[in-house]
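Each chain, letter by letter, is given below.
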Amino acid sequence: MMTRQQFRDVAWGGLWKQNPGLAQLLGLCPILAVSTSVVNAVSLGLATVLVMAVANLAVASLRNFIPYEIRIPVFILIIAALVTMVDLAFNAYMHSLYLVLGIFIPLIVTNCIVLARVEAYAAKNGPLASTVDGLMMGIGLVWVLALLGGVRELIGAGTLLSGIDMIIPGAEALNVFGEDYPGFLLAILPPGAFFALGCLIAAYNAINARLAARARREPPPAAPDQEAGETAAAAS
């Protein structure tokens, strides 16, 4: 079982402190290649969330039965089996989106984020904690992908949720800047992905620096023994 504090630490680590896209800088290939729109980015991110959570659960449950010497091949086999199921599900139920994402769904197998969390966390912790870790790391990746895809799509094409009809038939994209917006091609091209991600990382580091400076200015909490002594002194 996880305590509330352990859950908060794992959640904060995945969503912000150890965010795979901004802090660890893992899995940059899909982050940069698929984040041309919100729909593409979030779709691949959610597929990665599912694979990470279930892979962590499977490895944590089987960690005592996997020989140490062959753990990496076994981890990759587990991840590959899960990715194959996700790939087939995309092909069966969202074929148009499957064609757009292309090779990047099977490439989840070799994604550094998935294998890193399996090796660093799931192989050393229980099933519940490992599942939460995979889920939070995945969600941390999803919000980075969604923000990056939204910024690139908005600046590049002036729209949001382009391609949503591939998931929800009949739905339409939001044309934010109107039909006359000429677009900014660089934002959608690969160099735009590097520029946008660099700006996000700079903002992330600036926020962390401000939080650290604020923490240094705040006085540390008093110890229980010190508080009891001050109360007794005041009473006397």
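The structure under discussion appears in the preceding block.
Since we're looking at a predicted model, the values are computed, not measured.

A. Examining the pattern of salt bridges more closely. Enumeration according to the criterion identifies two salt bridges in this entry. Here E119 makes a salt bridge to R71, at a shortest N to O gap of 3.2 Å. Of this pair, E119 sits in helix α6 (residues 112-120) while R71 sits in helix α4 (residues 71-93), and the two are 48 residues apart along the sequence. Residue R71 is classed as buried on the basis of its relative accessible area, which comes to 19%.

B. Here's a closer look at helix α9 (residues 190-217). With 28 residues, α9 extends 41 Å from end C-alpha to end C-alpha; this agrees with the ideal 40 Å at 1.5 Å per step. Where α9 is concerned, the buried positions are G192, A193, A196, L197, L200, I201 and Y204.

C. Representation of unusual backbone geometry in the model. Of note in this structure, L25 is not a glycine but carries a positive phi near 55 degrees. Among the secondary structure elements, L25 is positioned in the loop between α1 (4-17) and α2 (28-34). In this structure, L161 is a non-glycine residue whose phi angle is positive, near 65 degrees. Along the chain, L161 falls in the loop between β1 (159-160) and β2 (174-175).

D. Main features of the nonpolar core. With 43 residues, the main nonpolar core has L22, V51, I79, F90, L101 and I108 as its most contacted residues. When residues in this core are grouped by element, the largest group, eight residues, is from helix α3 (residues 38-62). For L101, the contacting residues outside a window of four places in its chain are V34, N40, S43, L44 and F90. Core analysis: the second largest hydrophobic core is formed by seven residues, A11, Y121, A129 and V132 among them.

E. Fine view of a positive patch on the surface. Positive charge collects at one region of the surface, where R210, R214, R216 and R217 lie side by side. For R210, a relative accessible area of 63% corresponds to the exposed category.

F. Summary view of the packing of α3 against α4. As a packed pair, α3 and α4 sit with axes 9 Å apart at the nearest point and diverge in direction by 145 degrees. The two elements α3 and α4 meet at a crossing, and its hand is right-handed. Side by side, α3 and α4 meet where S43, A47, L50, V51, V54, A55, A58, V59 and L62 of the first sit next to F75, I78, I79, L82, V83, V86 and F90 of the second. Residue composition of the contact of α3 with α4, by class: 15 nonpolar, one polar and no charged.

G. Here's a closer look at the environment of V109. Relative to the helices and strands, V109 is located in the loop between α5 (95-101) and α6. Excluding residues that lie within four positions of it along the chain, V109 makes contacts with I76, I79, A80 and V83.

H. Main features of the environment of A146. Its location among the elements puts A146 in helix α7 (residues 127-157). Exposure remark for A146: the relative accessible area of 24% places this residue in the partly exposed category. Distance in space between the C-alpha atoms of A146 and A92 is 24 Å, their sequence separation being 54 residues. Sequence-distant contacts of A146, defined by excluding residues within four places in its chain, comprise V38, A41 and V42.

I. Geometry of the packing of aromatic side chains. A full pass over the atoms with the stated rule returns four aromatic pairs. Among the aromatic residues, those joined into a cluster by ring pairs are W12, W16, W143 and Y204.

J. How the structure looks around the environment of F75. In this fold, F75 is placed in helix α4. Taking the relative accessible area as the measure of exposure, F75 reaches 3% and is therefore buried. Spatially, the C-alpha atom of F75 lies 21 Å from that of C29, the residues being 46 residues apart in sequence.

Thresholds, definitions, all that
- Residues numbered from 1 in each chain as written.
- Predicted model: local features only at pLDDT ≥ 70, side-chain atom pairs only at ≥ 80, totals over all residues.
- Heavy atoms only, no water.
- Salt bridge = Lys/Arg side-chain N within 4 Å of Asp/Glu carboxyl O.
- Helix = DSSP H or I, 4+ residues; strand = E, 2+ residues; numbered from the N terminus.
- Buried < 20%, exposed > 50% of the residue type's maximum accessible area, 1.4 Å probe, protein only.
- Expected span 1.5 Å × (residues − 1).
- Core = buried A, V, L, I, M, F, W, Y, C linked by side-chain atoms within 4.5 Å.
- Contact = heavy atoms within 4.5 Å.
- Patch = residues over 30% accessible without salt bridge, like charges linked within 9 Å, V, L, I, M, F, W, Y side chains within 5 Å.
- Areas by Shrake-Rupley, 256 points an atom, 1.4 Å probe, with all protein chains shown as cover.
- Lys, Arg positive; Asp, Glu negative; His and termini not counted.
- Charge placed at Lys NZ, Arg CZ, Asp CG, Glu CD.
- Axes fitted to C-alpha atoms, helices over the stretch in contact; angles between N-to-C directions.
- Left-handed = near helix turned anticlockwise from the far one by under 90°.
- Nonpolar A, V, L, I, M, F, W, Y, C, P; charged D, E, K, R; others polar.
- Phe/Tyr/Trp six-rings, centres within 6.5 Å; stacked < 30°, edge-to-face > 60°.

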